[in-house]
Amino acid sequence: MAILKIARMGHPVLGRPAEPVNDPSAPEIRRLVQDMVETMRDAGGTGLAAPQVHVPKRVVIFTVEAERGGGAARDEGDEAAAEDDERGVPLTVLINPQILPLSDELNYGWEACLSVPGLAGQVPRHTAIRYSGFALDGRQIEREAQGFHARVVQHECDHLDGLLYPQRMTDLSTLVFTSEMKHLVESGEPVPPIEE
Ligand code: NI
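The shown structure was predicted, so the numbers you read here are calculated from the model rather than taken from an experiment. (Residues numbered from 1 in each chain as written. Predicted model: local features only at pLDDT ≥ 70, side-chain atom pairs only at ≥ 80, totals over all residues. Heavy atoms only, no water.)

Caption draft 1: Representation of the coordination of the nickel ion in the model. For the nickel ion, every protein donor is listed as C113 (SG), H155 (NE2) and H159 (NE2), and the spread of their distances is 2.1 to 2.3 Å. Along the chain, the residues that donate to the nickel ion are spaced as C-x41-H-x3-H. Of the two residues, C113 sits in the loop between strand 4 (106–111) and strand 5 (119–126) while H159 sits in helix 3 (residues 147–160), which places them 46 residues apart along the sequence. Each member of the pair C113 and H159 is classed as buried. (Donors = N, O, S within 2.8 Å, 3.2 Å for Na, K, Ca; no water. Helix = DSSP H or I, 4+ residues; strand = E, 2+ residues; numbered from the N terminus. Buried < 20%, exposed > 50% of the residue type's maximum accessible area, 1.4 Å probe, protein only.)

Caption draft 2: Structural detail: the sheet that holds strand 5. If you trace the three strands from one edge of the open sheet to the other, you get 4-5-8, paired in antiparallel fashion. Two strands bound the open sheet, and with one partner strand each, they are strand 4 and strand 8 (176–177). In this sheet, strand 5 lies alongside strand 4 in antiparallel orientation, the contact comprising six bridges. If you follow Y108 over to strand 5, its bridge partner there is P124. Strand contacts of helix 3: strand 4 and strand 5, with the helix running at about 105 degrees to strand 5, the strand carrying the most contacts. (Pairing = 2+ DSSP bridges. Contact = heavy atoms within 4.5 Å. Axes fitted to C-alpha atoms, helices over the stretch in contact; angles between N-to-C directions.)

Caption draft 3: Focus on the environment of F62. Tracing the chain through its elements places F62 in strand 2 (residues 59–64). On the accessibility criterion, F62 (0% relative accessible area) is buried. Spatially, the C-alpha atoms of F62 and G45 are 8.4 Å apart, while their sequence positions differ by 17 residues. F62 has contacts with T46, G47, V89, P90, L91, T92, L94, Y131, R143, H149, V152 and V153, leaving out every residue within four places of it along the chain.

Caption draft 4: Looking closely at the sheet that holds strand 7 (residues 140–146). Spatial ordering of the open sheet is given by 1-2-3-6-7, a layout of five strands whose pairing is antiparallel. Every interior strand has two partners, whereas the edge strands, strand 1 (47–49) and strand 7, have only one. Neighbour-to-neighbour, the strand axes of this sheet turn through a mean angle of 40 degrees, independent of strand direction. Note: strand 3 (residues 89–101) against strand 6 (residues 128–134), five bridges, orientation antiparallel. Following the sheet pairing, L100 is matched in strand 6 by R130. Contacts from helix 1 (residues 27–43) reach strand 1, strand 2 and strand 3 within the one sheet, and its direction differs from that of strand 2 by about 40 degrees. The strands touched by helix 3 are strand 1, strand 2, strand 3, strand 6 and strand 7; relative to strand 2, the strand with the most contacts, the crossing angle is about 160 degrees.

Caption draft 5: Layout of the nonpolar core. In this structure, V60, F62, L94, I129, Y131 and V153 are the most contacted members of the largest nonpolar core, which totals 18 residues. Sorting the residues of this core by element identifies strand 2, strand 3, strand 6, strand 7 and helix 3 as the ones contributing at least two each. The residues touching Y131, leaving out its near neighbours within four places in the chain, are F62, L94, Q98, I99, I141, E142, R143, A145, H149 and V153. (Core = buried A, V, L, I, M, F, W, Y, C linked by side-chain atoms within 4.5 Å.)

Caption draft 6: Summary view of helix 1. With 17 residues, helix 1 extends 24 Å between its outermost C-alpha atoms, agreeing within 8% with the 24 Å of an ideal straight helix rising 1.5 Å per residue. Buried positions along helix 1 lie against strand 1, strand 2 and strand 3. Of the residues trailing helix 1, G44 is marked for its positive phi of about 70 degrees. (Expected span 1.5 Å × (residues − 1).)

Caption draft 7: View of the side chain of D158. Considering the arrangement of structural elements, one finds D158 in helix 3. Given a relative accessible area of 7%, D158 falls into the buried group. Polar contacts involving the side chain of D158 include one to the side chain of R125, which spans 2.8 Å. (Polar contact = N/O pair within 3.5 Å; in protein donor to acceptor, adjacent residues only side chain to side chain.)

Caption draft 8: Structural view of the pairing of strand 3. In terms of strand pairing, strand 2 meets strand 3 through five bridges, oriented antiparallel. Opposite V60, over in strand 3, you have L94 as the bridge partner.

What follows is the structure, encoded as structure tokens:
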């Protein structure tokens, strides 16, 4: 196991589409994922995509803590999203993932990224998605996700297409240094930043 160096915005590996994995159960993919898990935990992240550690393959990992409130800007009464956020999602490895939006509905929420250190921004994402991919043992994973869970998956999978969250933002006035977010809190906005 090793802690890997994280690529930062501007490195070409973050701007290119990643290659599909031929054999999800190959030993080198298992080693890569072990290193990614160690790197993500060391950095305090919620998720990590292989291109972020300079490996242009379609592999992401993520986890969602239980009862993570407020991370997603969601409508009042959106019970499915609230439920997803309360339950949390165990550490998940997704190889060759695919995402299908379940509706056209978008919501805005704060995102941060280990490849864009020190910053956070409000990003529109699909509120509800279905996603699929392969686990390390080659089994197929298929899940539906709402709210913060759906946001994390969309953020990580964007890395596989060479996209960072600022490229998804529609209002760059909400791109801020996390060290200045206290001012937003003072103005009454709920703003727990997320690290991915
Ligand atoms: Ni990221």
